[in-house]
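# Remarks on the overall topology
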Amino acid sequence: MKRQILERIFDKVDTIPAFPKVAFQALELLKKEDVDFRELERIIKSDPGITANFLKIVNSPAFGLPQKIDSLFKAFMFLGINQIKFIVVASVAKKYFSKDLIGYGISVEDIWFHSLACGIIAEEIAFDIGFSPAKIETVYIASILHDIGKIVLDLYTKLEIKEFQKIAREKVDWDFIQIEWLVLGVDHGLVGAHLLERWEFPKYISFAIRAHHDSDLMLQSDIASIVALSNILANMLGIGGGVDVFNYRVPENLLKNLNIEPEKIYKYLKVGLYKSLLIQKEFV
Ligand SMILES: [Fe+2]
Ligand SMILES: [Fe+2]
């Protein structure tokens, strides 16, 4: 039975539309020394959905621009390269988080704000640690997309919702991931990693997604540790994590692994909450 569900889950991964070429092309162009912003505008404009999301995000008070921006080109003039990359990835992610995740008890808005908050927090941590711009980019791609597996699994958590609820009642100390494993034989981290591999993202990005709920795996790379930590912090803030949002604590070994002083956590919580609320304003 579980084997059949598992097969269907991995078949469903193959039906999720490919990560837009536009995004890969834009990120590639943004790696160059001298970015051709007209070319960048042309690339992003070819996808109206990404363009609309980009303009909404950029006009949120989180970016503090002096005027309302109605063209991509103008927006690029005010933004740093890293900010442009971040907004491209966040705009694309919004296309995938396009309906309520009923099986997880998360609304369409909340799952995207959760992803966004994770991206913001992860970027802040990576910057503090002194990551290179290329590695910072990796960190927020992985953190914005860390729960992408939920869009695949939602159908199955919904179908098995009674079983999930029964186990949750019986095993009060279990988290949602343990129940995913018991009922479905997989968790959303593993499914998300599989999807990102299909989209041809580098292995270290899919690994971080695979590891974000696994207390051993998350210690095996600094990128995975940051993604896991940003997810914990966004959940602690109550930003869109879903059914088990308040079960999260920051594990000491995760902080040690990243060489982060516990006091710094308050700064990350503050930045994550403040910026994601400002962006949220633009979308409600
Ligand atoms: Fe997750
Ligand atoms: Fe999450």
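Since this is a predicted model, take the numbers as computed values, not measurements.

Definitions and limits used
Residues numbered from 1 in each chain as written. Chains lettered and ligands numbered in written order. Predicted model: local features only at pLDDT ≥ 70, side-chain atom pairs only at ≥ 80, totals over all residues. Heavy atoms only, no water. Helix = DSSP H or I, 4+ residues; strand = E, 2+ residues; numbered from the N terminus. Rg over C-alpha atoms; globule rule 2.2 N^0.38 Å. Buried < 20%, exposed > 50% of the residue type's maximum accessible area, 1.4 Å probe, protein only. Contact = heavy atoms within 4.5 Å. Areas by Shrake-Rupley, 256 points an atom, 1.4 Å probe, with all protein chains shown as cover. Donors = N, O, S within 2.8 Å, 3.2 Å for Na, K, Ca; no water. Tetrahedral: all angles 85-135°; square planar, octahedral: opposite > 155°, others 65-115°. UniProt positions renumbered as here; feature names shortened; annotations may be inferred. Salt bridge = Lys/Arg side-chain N within 4 Å of Asp/Glu carboxyl O.

## As for the overall build of the protein chain
Secondary structure summary: the protein chain contains 16 helices and zero strands in total. Scaling as 2.2 N^0.38, a compact globule of 284 residues should have a C-alpha radius of gyration of about 19 Å, and the protein chain matches this with 18 Å. Across the 284 residues in the protein chain, those meeting the buried criterion constitute 53%. For the protein chain, contacts bridging at least 24 residues in sequence account for 68% of all contacts bridging at least 6. Counting only carbon and sulfur atoms, one obtains 54% of the accessible surface of the protein chain, whose full area is about 13400 Å².

## Points about the coordination of the iron ion (ligand 1)
Summarising the metal site, the iron ion (ligand 1) is bound by the protein donors Asp 147 (OD), His 188 (NE2), His 212 (NE2) and His 213 (NE2), whose distances to it range over 2.1 to 2.2 Å. One can describe the site at the iron ion (ligand 1) as irregular: its four donor atoms subtend angles covering 85 to 174° at the metal. Summarised as a motif, the one-chain spacing of the donors to the iron ion (ligand 1) is D-x40-H-x23-H-H. The class of His 212 is buried, set by a relative accessible area of 1%.

## Brief notes about helix H13 (residues 203–211)
Of the residues making up H13, those classed as buried are Ile 205, Ser 206, Ala 208, Ile 209 and Ala 211. On its buried face, H13 is in contact with helix H8 (133–144), helix H12 (188–198) and helix H14 (222–236).

## A closer look at the UniProt feature "domain: HDOD" (unreviewed entry) in the protein chain
Mapped onto this structure's residue numbering, the UniProt feature "domain: HDOD" (unreviewed entry) falls at residues 16–215. The distance separating the terminal C-alpha atoms of residues 16–215 is 28 Å; by composition the span is 68% helix and 0% strand.

## Some points on the coordination of the iron ion (ligand 2)
Taken together, the protein ligands of the iron ion (ligand 2) are His 114 (NE2), His 146 (NE2), Asp 147 (OD) and Asn 231 (OD1), with distances of 2.1 to 2.2 Å. Here the donor residues of the iron ion (ligand 2) are spaced in sequence according to H-x31-H-D-x83-N. A separation of 3.5 Å is found between the iron ion (ligand 2) and the iron ion (ligand 1), which are bridged by Asp 147. Here Asn 231 lies in helix H14 and His 146 lies in the loop between H8 and helix H9 (149–159), a separation of 85 residues in the sequence.

## Observations concerning the pattern of salt bridges
Throughout the structure, instances matching the rule amount to 17 salt bridges. Put simply, Glu 28 and Lys 31 hold a salt bridge, and the shortest N to O gap is 3.4 Å. Close ionic contact of Arg 38 with Glu 41 constitutes a salt bridge, the shortest N to O distance being 3.0 Å. With Arg 38 and Glu 41 both in helix H3 (residues 37–45) and three residues apart, the pair spans about one turn of that helix. Among the charged side chains, a salt-bridge network with shared partners connects Glu 124, Asp 128, Lys 264 and Lys 267.

## Points about the environment of Leu 79
Examined against the element boundaries, Leu 79 turns out to sit in the loop between helix H5 (72–78) and helix H6 (81–96). Residues Leu 79 and Leu 65, 14 residues apart in the sequence, show an inter-C-alpha distance of 8.8 Å. When sequence neighbours within four positions are dropped, the list of residues in contact with Leu 79 reads Phe 54, Val 58, Phe 63, Ile 84 and Ile 87.

## Considering unusual backbone geometry
Phi is mostly negative for residues that are not glycine, and the peptide bonds are mostly trans. A positive phi angle, near 65°, is found at Glu 200, a position not held by glycine. Position of Glu 200 among the secondary structure elements: in the loop between H12 and H13. Overall, Glu 200 belongs to the exposed group, its relative accessible area being 71%.

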